[in-house]
Amino acid sequence: MFEHLKLLRCFSFTASRDWLFRQSFANAGLRSVTTDLSHGNSIASTAMHCWIPKYPNRSKPNLLLLHGFGANAMWQYGEHLRAFTGRFNVYVPDLLFFGLSSTSEPNRSETFQARCLMRLMEAHGVQRMDIVGISYGGFVGYSLAAQYPEKVEKLVLCCAGVCLEEKDMENGLFKVPNLEEATGILIPQTPEKLKELIRFSFVKPIKGVPSFFLWDFIDVMCTEFVEEKKDLIKSILKDRRLSDLPRIKQKSLIIWGEEDQIFPLELGYRLKRHIGESAEIVVIKNAGHAVNLEKSKEFVKHLKSFLIGSL
């Protein structure tokens with residue numbers, strides 16, 4: 001198996017595509033920077049990687065793009081980047097335990113992720129920002145908006161089950177029966193689990209992908225920080241109650257794929273009710289959880305209307 005994986009690294013489609021994304025981000029005027037966020041003599045070591053503007057224009061608004069579970073930030077926003085780099089200073093970080101970001105701090109909550117992100121943004125001189133958060137990135141984005149209301153102006157939450165409760169799993173809201181099954185799919189370690197993730201994420205998943213490509217993707221994208229990522233998922237669900245979720249006041253756009261099988265649409269409507277009048281919801285038809293990839297043009301159209309329409 002190890003020889004097989006070594007061979008894959010020599011002829012890796014995934015690594016090649018990752019390299020192409022890096023080139024496209026650089027060509028869009030961004031540069032790759034890893035920032036040490038450790039507190040002086042603090043034991044906890046924390047570093048976050050982020051794509052930041054090569055030449056930030058302080059007269060432009062700032063836009064923070066937060067990814068969900070999956071490959072890394074580049075894969076989830078690569079198709080959308082150029083729609084925003086002309087109008088915003090765009091920042092695309094790797095959340096902790098994705099890409100090149102990690103910490104020795106044991107805290108796995110989205111609250112901690114959000115605090116680290118704010119320290120990262122402040123390190124880059126960003127004081128106010130709009131945020132787009134896809135899936136898990138929406139959990140972190142919501143926490144940022146709740147903790148730092150004076151820093152976050154507009155918020156987009158895409159297929160982010162922020163309003164889920166621990167009892168939803170027991171009550172059968174999700175397609176998977178338990179947390180163990182969910183983590184196995186969201187952090188796939190075999191081609192079979194990766195196929196399941198694709199089926200859950202897309203309305204019309206690509207079929208017949210050779211095992212070679214699936215193993216390649218897993219080897220390059222899914223083998224680091226496996227236990228830490230499992231803990232991130234567990235932290236989302238543990239003791240979660242809607243009554244504990246703070247209400248945010250920022251103008252918010254909720255985008256959902258009508259046929260989302262990971263976070264069902266009911267959670268989108270629940271989120272709209274929770275936030276109230278400052279939120280609007282857009283439901284995209286014939287789309288699942290990966291609506292940003294499956295309906296890319298429609299996704300960008302709604303983002304631009306919300307984020308740029310009033311500029």
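One structure accompanies this document, and this report is about it. Since the model is a prediction, treat every value here as computed from it, not as a measurement. (Residues numbered from 1 in each chain as written. Predicted model: local features only at pLDDT ≥ 70, side-chain atom pairs only at ≥ 80, totals over all residues. Heavy atoms only, no water.)

Observations regarding the overall build of the chain
For clarity, the cut-off: Numbering of helices and strands runs from the N terminus; a helix is a DSSP stretch of H or I covering at least four residues, while a strand is a stretch of E covering at least two. This radius of gyration counts C-alpha atoms alone. The globule rule is 2.2 Å times how many residues there are, raised to the power 0.38. Categorising residues by exposure relies on relative accessible area from a 1.4 Å probe, with only protein chains included: less than 20% of the type maximum marks a residue as buried, more than 50% marks it as exposed, and the intermediate range marks it as partly exposed. By definition in these notes, contact holds between two residues if any of their heavy atoms fall within 4.5 Å. Exposure was quantified through the Shrake-Rupley algorithm and a 1.4 Å probe, taking into account, for residues, occlusion by the shown protein chains and nothing else. Lys and Arg are tallied as positive, Asp and Glu as negative. Neither His nor the chain termini are counted. Throughout, a charge is located at the NZ atom of Lys, the CZ atom of Arg, the CG atom of Asp or the CD atom of Glu.
What the chain contains, in helices and strands, is 13 helices and nine strands. Relative to the globule expectation of 19 Å for 311 residues, the C-alpha radius of gyration of the chain, 19 Å, shows essentially globular dimensions. Considering only C-alpha atoms, the chain reaches an extent of 50 × 45 × 45 Å along its principal axes. Evaluated residue by residue, the chain yields a buried proportion of 52% over its 311 residues. Taking the intrachain contacts of the chain between residues at least 6 apart in sequence as the baseline, contacts between residues at least 24 apart amount to 75%. Here the chain has roughly 14400 Å² of accessible surface; of this, 53% comes from carbon and sulfur atoms. Mean positive and mean negative side-chain charge positions of the chain (40 and 35 charges, respectively) differ by 7 Å.

A word on the nonpolar core
For clarity, the threshold we go by: Here the nonpolar core consists of buried residues drawn from Ala, Val, Leu, Ile, Met, Phe, Trp, Tyr and Cys, with membership extended through side-chain atoms lying within 4.5 Å.
Grouped together as the largest cluster of nonpolar side chains are 101 residues, with contacts concentrated most on Phe 84, Val 92, Tyr 136, Tyr 142, Leu 144, Leu 271 and Leu 307. Top element by residues in this core is helix α4 (residues 110-123). It accounts for seven residues. Ignoring sequence-local partners within four residues, the contact set of Phe 84 consists of Leu 63, Val 90, Val 300, Leu 303, Lys 304, Leu 307 and Ile 308.

Looking at the packing of helix α8 (residues 191-201) against helix α9 (residues 211-221)
Pairs of packed helices are described in terms of their axes, by the angle between the two and the distance that separates them. Going by this rule: Angles here are taken between N-to-C directions and fall from 0 to 180 degrees, while the axes themselves are lines fitted to C-alpha atoms, restricted in helices to the stretch in contact. Note on terminology: angles under 35 degrees are roughly parallel, angles over 145 are roughly antiparallel, angles of 65 to 115 are roughly perpendicular, and the others are oblique. Residues were grouped as follows: Ala, Val, Leu, Ile, Met, Phe, Trp, Tyr, Cys and Pro as nonpolar; Asp, Glu, Lys and Arg as charged; and all remaining residues, including Gly, as polar.
In the contact formed by α8 and α9, the axes pass within 9 Å of each other and the chain directions differ by 90 degrees. By the angle between their axes, α8 is roughly perpendicular relative to α9. Each of Pro 191, Leu 194, Lys 195 and Ile 198 in α8 lies in contact with α9, whose residues at this interface are Leu 214, Trp 215, Phe 217 and Ile 218. For the contact of α8 with α9, the per-class residue count stands at seven nonpolar, no polar and one charged.

Brief notes about a nonpolar patch on the surface
Filter applied, for reference: Within the patch definition used here, like charges are joined within 9 Å and nonpolar side chains (Val, Leu, Ile, Met, Phe, Trp, Tyr) within 5 Å, considering only residues with over 30% relative accessible area and no salt bridge. The rule for a salt bridge is simple: a side-chain nitrogen of Lys or Arg has to be within 4 Å of a carboxyl oxygen of Asp or Glu.
A cluster of nonpolar side chains, contributed by Phe 13, Phe 212 and Phe 213, occupies part of the molecular surface with about 290 Å² of accessible area. Assignment of secondary structure puts Phe 13 in helix α2 (residues 13-27).

So, helix α7 (residues 179-186)
We apply this condition: For this quantity, the arc is that covered by the directions from the helix axis to the C-beta atoms. Polar contacts here mean pairs of N or O atoms no more than 3.5 Å apart (in protein, one a potential hydrogen donor and the other a potential acceptor; neighbouring residues in sequence count only if both atoms are side-chain atoms).
Within the sequence span of α7, burial applies to Ala 182, Thr 183 and Ile 185. Here the buried residues of α7 occupy an arc of 165 degrees about the axis, which is enough to place them on one side. Contacts made by the buried residues of α7 are with α8 and α10 (226-237). You can read the cap of α7 off the contacts: a side-chain oxygen lies 3.2 Å from the backbone nitrogen of Glu 180, and it is on Asn 178.

Read these as geometric descriptors, not functional statements.
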